[in-house]
Amino acid sequence: MEIDQEEDAIYFTDTSTRLRRREFGVAIFCGDKTGRLMKYDKSSKEITVLMRGLALANGVALSEDRSFVLVAESTNCRILKYWLKGRKAGTTDIFVELPGYPDNVRRNEKGEFWVGLHAKKGPVASWFLSNPWAGKILLRAPLSFKQLHVLLVDGKPQATAIKLSDEGQAIDILEDIEGKSLRYISEVEERDGKLWIASVMTPFIVCINMPAPKSDPSLEMFWHSMYLEIRRSTLKLLLVDIVKGYEV
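Analysis parameters
- Residues numbered from 1 in each chain as written.
- Predicted model: local features only at pLDDT ≥ 70, side-chain atom pairs only at ≥ 80, totals over all residues.
- Heavy atoms only, no water.
- Pairing = 2+ DSSP bridges.
- Helix = DSSP H or I, 4+ residues; strand = E, 2+ residues; numbered from the N terminus.
- Axes fitted to C-alpha atoms, helices over the stretch in contact; angles between N-to-C directions.
- Patch = residues over 30% accessible without salt bridge, like charges linked within 9 Å, V, L, I, M, F, W, Y side chains within 5 Å.
- Areas by Shrake-Rupley, 256 points an atom, 1.4 Å probe, with all protein chains shown as cover.
- Salt bridge = Lys/Arg side-chain N within 4 Å of Asp/Glu carboxyl O.
- Lys, Arg positive; Asp, Glu negative; His and termini not counted.
- Charge placed at Lys NZ, Arg CZ, Asp CG, Glu CD.
- Contact = heavy atoms within 4.5 Å.
- Phe/Tyr/Trp six-rings, centres within 6.5 Å; stacked < 30°, edge-to-face > 60°.
- Buried < 20%, exposed > 50% of the residue type's maximum accessible area, 1.4 Å probe, protein only.
- Lys NZ or Arg CZ within 6 Å of the ring centre and 35° of its normal.
- Arc of directions from axis to C-beta.

Enquirer: Looking at this structure, I do not really get the sheet that holds strand β8 (residues 92-97). What am I missing?
Expert: Across a sheet, paired strands are connected by hydrogen bonds in the backbone, their directions being either parallel or antiparallel. If you trace the four strands from one edge of the open sheet to the other, you get β5-β6-β7-β8, paired in antiparallel fashion. In this open sheet, the two edge strands, each paired with only one partner strand, are β5 (57-62) and β8. Strand-to-strand twist of the sheet, defined as the mean angle between neighbouring strand axes without regard to direction, takes the value 25°. Bridge count for β5 against strand β6 (residues 68-73) is four bridges, and the pairing is antiparallel. When the sheet's bridge partners are listed, A57 is paired in β6 with E73.

Enquirer: Can you walk me through a negative patch on the surface in this structure?
Expert: Residues E64, D65, D166 and E167 make up a contiguous surface patch of negative charge. Within the element layout of this structure, E167 appears in the loop between β11 (159-164) and β12 (170-176).

Enquirer: Which parts of the structure should I look at to understand the side chain of Q158?
Expert: The topology assignment puts Q158 in the loop between α4 (145-152) and β11. Those residues in contact with Q158 that sit more than four places away from it in its chain are H118, K120, D176, I177, G179, L182, R183 and Y184.

Enquirer: Just to check I follow, could you spell out unusual backbone geometry for this structure?
Expert: In this structure, D154 takes a positive phi of about 55° despite not being glycine. Looking at where D154 falls in the secondary structure, it is placed in the loop between α4 and β11. Positive phi outside glycine occurs at D192, with the angle close to 55°. Following the sequence through the fold, D192 ends up in the loop between β13 (187-191) and β14 (194-198).

Enquirer: For this particular structure, what's the right way to read the packing of aromatic side chains?
Expert: Using the criterion set out here, one finds eight aromatic pairs in the structure. With centroids separated by 5.7 Å and ring planes inclined at 85°, the aromatic side chains of F24 and F145 adopt a geometry described as edge-to-face. With a gap of 121 residues between them, F24 in helix α1 (residues 24-29) and F145 in helix α4 connect regions that are remote in the sequence. Centroid distance F29 to F128: 5.6 Å. Interplanar angle 90°. Geometry classified as edge-to-face. Pair noted here: F29 is in helix α1 and F128 is in helix α2 (residues 123-130), with a separation of 99 residues, a long-range link. On the basis of relative accessible area, F29 is assigned to the buried category, the value being 1%. Three or more aromatic residues joined by ring pairs form one cluster here, namely F29, W127, F128 and W133. Lying across the ring of F68, K81 places its NZ or CZ 4.5 Å from the centre.

Enquirer: Is there a simple way to explain α4 in this structure?
Expert: Residues spaced three or four apart along an α-helix face the same direction, because each turn holds 3.6 residues. By the burial criterion, the buried members of α4 are L148, H149 and L152. End-on, the buried residues of α4 take up no more than an arc of 100°, which puts them together on one face. Looking at the buried positions of α4, the neighbouring elements they touch are α1, β9 (100-107), β10 (113-120), α2 and α3 (132-138). Once α4 finishes, D154 follows within two positions and takes phi at roughly 55°, a positive value.

Enquirer: Help me understand the pattern of salt bridges in this model?
Expert: Working definition: two side chains of opposite charge can pair if their charged atoms are close together. For the structure on display, the rule yields 16 salt bridges. Note that E2 is salt-bridged to R107, the shortest N-O span being 3.9 Å. Of this pair, E2 sits in strand β1 (residues 2-4) while R107 is found in strand β9, placing the two residues 105 residues apart along the sequence. According to the relative accessible area criterion, R107 is partly exposed, its value standing at 32%. The salt bridge involving R20 is made with E23; its shortest N-O contact spans 3.6 Å. Within the structure, one salt-bridge network assembled from shared partners comprises D4, E6, E7 and R66.

These results come straight from atomic positions and should not be treated as a statement about function.
Put into structure tokens, the structure is as follows:
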């Protein structure tokens, strides 16, 4: 959900008209494409459907200049851009293709976007997603949610967070490829020099210190070096706090 204070409007998604949000595994494997992006006008109390036919509609984020709104399409591993203003108003573009299933999208103070990936899409899940008929047959089997989820993530718990520019270019990447410290990221929020990370699947909240702003032209290289170090240590060097027992 995203609130536009100036327009007095709320943008939000409906994951599916057939399934509940917590049934995301079923929605992905059956190829459900009934998700929607909607806008609620607080003044008129009217709801307008902006986009239909989305494959597991998920996180929403408004651009800094409010010219477009982003919506995560989890099944298709991409983020779409819906234009609100300008000559392309009312049309949709692909903002970015991702290596995994995007969950929430959050804008920082610079107008950049953080995206949490639930998991990367592996060969098993890719095959099922390319053959929806096989996914529907799979869903007839007496599989538990946990068993279905293992197939979805190819049995590889991991964590990935990506920062994107307002043009959809990857700026930074945080990864715990072995899932030792983090896994199944659902949301990343950058605020007050810290990066807050949470998951809907596992009970934790993590806070990572961000470097103070600098005018040094080598800042980009500094960030790159910092994230390489994060990858090497699977985030352990910069973990500040893990709040256990907190259900997101």
